[in-house]
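Structural characterization, general
Now for the letters of each chain:
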Amino acid sequence: MHMKQSIAHVTLVVRDYDQAIEFYTNKLQFDLLEDLKMSEDHRWVLIAPKGSSSCSIMLEKAIGKEQESRIGNQTGGSVFMILQTDNFERDYKHLLDNKIRITRESSTEVYGKVCVFADLYGNLWDLIEPVKKED
């Protein structure tokens, strides 16, 4: 039997829905896919990079001390997300123009052009344009 699965959403713990939506849609130019009020304190919020057709990010407002302690450090200081691009120079310039904090300057590695930046809470992201594979 052939199994078909995919990752639909990845949760990102945030301090405030509106603050996070503003950062990701205005500073990083992500699309706001859904914003549905579920209860007084809970919303179903999905964002995704422009042109993304598979996995999206679910913004989840932290509740309680344990979740609040994860804001900005969901991976213990390791890179949290990898944002792949088809044009590194364009998107790197966009990060700089929007005063996004670069934590590791751009470099060319065997796998592609890459830099590390921090989101509004301090989570680390790779911006990468992979090396084009020869056919």
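Basis of the calculations
- Residues numbered from 1 in each chain as written.
- Predicted model: local features only at pLDDT ≥ 70, side-chain atom pairs only at ≥ 80, totals over all residues.
- Heavy atoms only, no water.
- Pairing = 2+ DSSP bridges.
- Helix = DSSP H or I, 4+ residues; strand = E, 2+ residues; numbered from the N terminus.
- Axes fitted to C-alpha atoms, helices over the stretch in contact; angles between N-to-C directions.
- Buried < 20%, exposed > 50% of the residue type's maximum accessible area, 1.4 Å probe, protein only.
- Domains from an automatic or database assignment.
- Contact = heavy atoms within 4.5 Å.
- Buried area = accessible area lost by both parts, 1.4 Å probe.
- Salt bridge = Lys/Arg side-chain N within 4 Å of Asp/Glu carboxyl O.
- Polar contact = N/O pair within 3.5 Å; in protein donor to acceptor, adjacent residues only side chain to side chain.
- Nonpolar A, V, L, I, M, F, W, Y, C, P; charged D, E, K, R; others polar.

**Some remarks on the sheet that holds strand β3 (residues 43-48)**
Pairing is mixed in the open sheet, where four strands are placed in the order β1-β4-β3-β2. Two strands close off the open sheet at either side, each with one partner strand: β1 (9-14) and β2 (31-37). Sheet twist, expressed as the mean angle between neighbouring strand axes with direction ignored, is 25 degrees. Bridge count between β1 and strand β4 (residues 56-61): six bridges; the pairing is parallel. Of the residues in β4, the one forming a bridge with Val14 is Lys61.

**Looking at the pairing of β4**
Most of β4 sits inside the fold, with five of its six residues counted as buried. Pairing of β3 with β4, which is carried by three bridges, proceeds in the antiparallel orientation. What sits directly across from Ile47, in β4, is Ile57.

**Comments concerning the domain arrangement of the protein**
You can read the domains of the protein as domain 1 (1-71) and domain 2 (72-134). Taking only C-alpha atoms into account, the centre of domain 1 sits 19 Å from that of domain 2. Of the residues lining the interface, 20 residues belong to domain 1; the matching set on domain 2 comes to 17 residues. It is Phe23, Lys27 and Leu28 in domain 1 that bury the most area against domain 2; as a group they hold 32% of the surface buried on that side. Applying the counting criterion to the domain 1 and domain 2 interface returns zero salt bridges. At the boundary of domain 1 and domain 2, one finds twelve residue pairs in polar contact (both at pLDDT 80 or more). Counting only elements with at least two residues in the side of domain 1 that touches domain 2, the list comes to β1 and α1 (17-27). It is α1 that contributes the most residues to the side of domain 1 that touches domain 2, six residues altogether. Residue classes in the side of domain 1 that touches domain 2 are distributed as twelve nonpolar, four polar and four charged.

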